Amino acid sequence: MSSLYELTHDFIQVQSMIEEGHEGLKDTLESIDLAIEDKLENIGKLIRNLDGEMEMLKNEESRLANKRRSLEANKKRLKVYVEDQLTLIGKDKVKAGLFTFAMQNNAPSVRVLDEKLLPKRFFIEQEPKLDKKTLREELKNIGKDSMPGVELVQGRSLRIR
């Protein structure tokens, strides 16, 4: 069985021969065209199967991410619970079988109360970022050739229905 690439090549070759005046090739061209349609239908089925598999994987990723978040939240609740109980009994360290639970100071952190009061040297300058969505809308409204340094291009892509 021929590949879509080979069928396309054959189709172009027979079509070229017909244009050059060769007779009796119309049936051959139609049969190649039907074979191309069969190939495309099979490729369409394969793409649909891949879409289904990708959707299943996305759902599984989402399910696993939700499970991970649930486990993380449970871990955090348990740690807060232990911290609260150690604080209530006034102990900073307890040895419990395989584990030692100990309260310790964290590294100092900064809490900003009002950014406006801080000197500029503490702020990081950032490069401007191009807003292509707004630029595209502007080009659509004012005309695609009206702004130097940019052009509005129309691409093409395959749609399978």
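Note that the coordinates shown come from a computational prediction; the quantities given were computed from them, not determined experimentally. (Residues numbered from 1 in each chain as written. Predicted model: local features only at pLDDT ≥ 70, side-chain atom pairs only at ≥ 80, totals over all residues. Heavy atoms only, no water.)

Caption draft 1: Main features of the pairing of strand β2 (residues 99-102). Of the pairings in the sheet, the one linking strand β1 (residues 93-96) to β2 comprises 4 bridges and is antiparallel in character. Within β2, the position partnered with lysine 93 by the bridge is alanine 102. What sits between β1 and β2 in their antiparallel hairpin is a turn of 2 residues, with glycine 97 showing a positive phi close to 65°. (Pairing = 2+ DSSP bridges. Helix = DSSP H or I, 4+ residues; strand = E, 2+ residues; numbered from the N terminus.)

Caption draft 2: Layout of a negative patch on the surface. Negative charge collects at one region of the surface, where Asp27, Glu30, Asp33, Glu37 and Asp38 lie side by side. Looking at where glutamate 30 falls in the secondary structure, it is placed in helix α2 (residues 26-89). Under the relative-accessibility criterion, glutamate 30 is labelled partly exposed at 43%. (Patch = residues over 30% accessible without salt bridge, like charges linked within 9 Å, V, L, I, M, F, W, Y side chains within 5 Å. Areas by Shrake-Rupley, 256 points an atom, 1.4 Å probe, with all protein chains shown as cover. Salt bridge = Lys/Arg side-chain N within 4 Å of Asp/Glu carboxyl O. Lys, Arg positive; Asp, Glu negative; His and termini not counted. Charge placed at Lys NZ, Arg CZ, Asp CG, Glu CD. Buried < 20%, exposed > 50% of the residue type's maximum accessible area, 1.4 Å probe, protein only.)

Caption draft 3: Region of interest: the confidence of the model for the protein chain. On average, residues of the protein chain score 91 in pLDDT, and 99% of them are at 70 or above. At the level of individual helices and strands, the protein chain shows its lowest average pLDDT in helix α3 (residues 132-142), which scores 88, and its highest in α2, which scores 95. (pLDDT = per-residue confidence, 0-100.)

Caption draft 4: Structural view of the environment of threonine 134. On the secondary structure map, threonine 134 appears in helix α3. Considered as a pair, threonine 134 and aspartate 84 are 50 residues apart in the sequence and their alpha carbons are 51 Å apart.

Caption draft 5: Broad picture of the packing of helix α1 (residues 4-19) against α2. Packing of α1 against α2 leaves a shortest axis separation of 9 Å and a crossing angle of 155°. Classified by the angle their axes make, α1 and α2 are roughly antiparallel. α1 and α2 meet at a crossing whose hand is left-handed. Contacts between α1 and α2 pair Leu4, Leu7, Thr8, Asp10, Phe11, Val14, Gln15 and Ile18 from the former with Lys26, Thr28, Leu29, Ile32, Asp33, Ala35, Ile36, Lys39, Leu40 and Ile43 from the latter. When grouped by side-chain class, the residues that make up the contact of α1 with α2 number 11 nonpolar, 3 polar and 4 charged. (Axes fitted to C-alpha atoms, helices over the stretch in contact; angles between N-to-C directions. Parallel < 35°, antiparallel > 145°, perpendicular 65-115°, else oblique. Left-handed = near helix turned anticlockwise from the far one by under 90°. Contact = heavy atoms within 4.5 Å. Nonpolar A, V, L, I, M, F, W, Y, C, P; charged D, E, K, R; others polar.)

Caption draft 6: Structural context of α2. Between its first and last C-alpha, α2 extends 94 Å over 64 residues, near the 94 Å set by a 1.5 Å rise per residue. All of the buried residues in α2 are Leu29, Ile32, Ile36, Lys39, Gly44, Ala65 and Leu86. Summarising the contacts, the buried residues of α2 are in contact with α1, β1 and β2. A positive backbone phi angle near 75° is found at glycine 90, which sits one or two residues after α2. (Expected span 1.5 Å × (residues − 1).)

Caption draft 7: A look at the pattern of salt bridges. All told, the structure shown has 5 salt bridges when counted by the stated rule. Its salt-bridge partner being lysine 45, residue glutamate 41 comes within 3.8 Å of it at the nearest N-O pair. Here the residue glutamate 41 and the residue lysine 45 both occupy positions in helix α2, the gap between them amounting to 4 residues, near one helical turn. We classify glutamate 41 as partly exposed; its relative accessible area is 45%. By relative accessible area, lysine 45 is classed as partly exposed at 46%. Between lysine 140 and glutamate 137 there is a salt bridge; the shortest N-O distance is 3.8 Å. Of this pair, lysine 140 and glutamate 137 both sit in helix α3, 3 residues apart, which is roughly one turn of that helix. Judged by relative accessible area, lysine 140 falls into the exposed class, the value being 53%.

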